[in-house]
Amino acid sequence: PGDDFYLGSRVNDDNDNFMDFQMEGKTDGWVAIGFSTSKSMYDADVFACKRESTGDTVNVIDTWNPSSGRTNNIDNTQSGICQHSTEYSEGRIKCIFSRYIDVLDIDQDLDLNTTLWQIYDAVSDSRGSGSASLSKHSRTPVTSDDRYNLVIDALTGGRNITPTDWPRDELIKTHGILMITAWILLAGTGIFF
């Protein structure tokens, strides 16, 4: 984690029926965010930024993880997703898109104005067609500590929806390394002054 994955969201300024998302991750294949009524990947509405098999073209796709099996299905209609900008540069995928808040595809969309688990940091180096489903992620995604309503949080100033242990562990390790380095470098100075 750390700077490997970023997600930002807000209610669209021009049309409050849409949520705007900015997502980026350090990967060559795809980066995704999922929303689920349970704390698992099953029955999850998944949005991904996926790099094509050839070239650096990135597409935003709407997918669905069904209630059984370990599969990911492409939402064939792709209705409710509006791609604004995408980019692949120096090993990072970045995309900005909007998603209709309510349900357009019954059995494949979740209402974003309900309380949902959020599944972060899903990435893979596997590339492929923007019209194909996602391959298995290369590391286990992180799930939010609690369920949140994206719309209400965005309209009321939000709250930190990042899981509490992410990137806390990395910050503690960095702090420890800096303290030891400072002690080694400055201890000698304290003896002489």
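Up top is the structure these notes are about.
Residues numbered from 1 in each chain as written. Predicted model: local features only at pLDDT ≥ 70, side-chain atom pairs only at ≥ 80, totals over all residues. Heavy atoms only, no water.

Draft legend 1. Local environment of the overall build of the protein chain. Within the protein chain, the regular secondary structure consists of two helices and 10 strands. Its helices and strands in sequence order give the protein chain the pattern β-β-β-β-β-β-β-β-β-β-α-α, from N to C terminus. In the protein chain, which comprises 193 residues, the share counted as buried stands at 41%. Residue pairs at least 24 apart in sequence account for 59% of intrachain contacts in the protein chain once pairs closer than 6 positions are excluded. (Helix = DSSP H or I, 4+ residues; strand = E, 2+ residues; numbered from the N terminus. Buried < 20%, exposed > 50% of the residue type's maximum accessible area, 1.4 Å probe, protein only. Contact = heavy atoms within 4.5 Å.)

Draft legend 2. Representation of the pattern of salt bridges within the structure. Using the criterion set out here, one finds seven salt bridges in the structure. Close ionic contact of D56 with R51 constitutes a salt bridge, the shortest N to O distance being 2.7 Å. Among the charged side chains, a salt-bridge network with shared partners connects R10, D13 and D20. (Salt bridge = Lys/Arg side-chain N within 4 Å of Asp/Glu carboxyl O.)

Draft legend 3. Layout of the packing of aromatic side chains. In this structure the tally under the stated criterion is six aromatic pairs. Ring geometry for F21 and F97: centres 5.3 Å apart, planes at 20°, overall stacked. Of the two residues, F21 is situated in strand β2 (residues 18-26) and F97 in strand β8 (residues 92-100); the sequence distance between them amounts to 76 residues. Pair check on accessibility: F21 and F97 agree, each one buried. The interplanar angle of 75° and the centroid separation of 6.1 Å between the aromatic rings of F47 and F97 together place this pair among those described as edge-to-face. Residue F47 is found in strand β4 (residues 44-51), and its partner F97 is found in strand β8; the two are separated by 50 residues along the sequence. Assessed through its relative accessible area of 0%, F47 is described here as buried. Look at F97 and you get buried, because its relative accessible area is 0%. (Phe/Tyr/Trp six-rings, centres within 6.5 Å; stacked < 30°, edge-to-face > 60°.)

Draft legend 4. Expanded view of the state of the cysteines. Applying the stated criterion across every chain yields a total of one disulfide. Here C49 engages in a disulfide with C95; their sulfurs sit 1.6 Å apart. Of the two residues, C49 sits in strand β4 while C95 sits in strand β8, which places them 46 residues apart along the sequence. Each member of the pair, C49 as well as C95, carries the same accessibility label: buried. (Disulfide = S-S within 2.5 Å.)

Draft legend 5. How the structure looks around the side chain of S36. Structurally, S36 is set in strand β3 (residues 30-36). A residue is classified by how much of its surface remains accessible, and S36, at 0% relative accessible area, is buried. Within the local environment of S36, its side chain forms a polar contact with the backbone oxygen of S38, the two atoms lying 2.8 Å apart. In this structure S36 touches Y42, D43, A44, L110, L116, W117 and I119, once residues within four positions along its chain are discounted. (Polar contact = N/O pair within 3.5 Å; in protein donor to acceptor, adjacent residues only side chain to side chain.)

Draft legend 6. Seen up close, the environment of L104. Of note, L104 is situated in the loop between β8 and β9 (117-124). You can call L104 partly exposed: its relative accessible area is 41%. Along the primary structure L104 and Q78 are separated by 26 residues, whereas in three dimensions their C-alpha atoms are 9.6 Å apart. With sequence-adjacent residues up to four places away left out, L104 is seen in contact with S79, G80 and D109.

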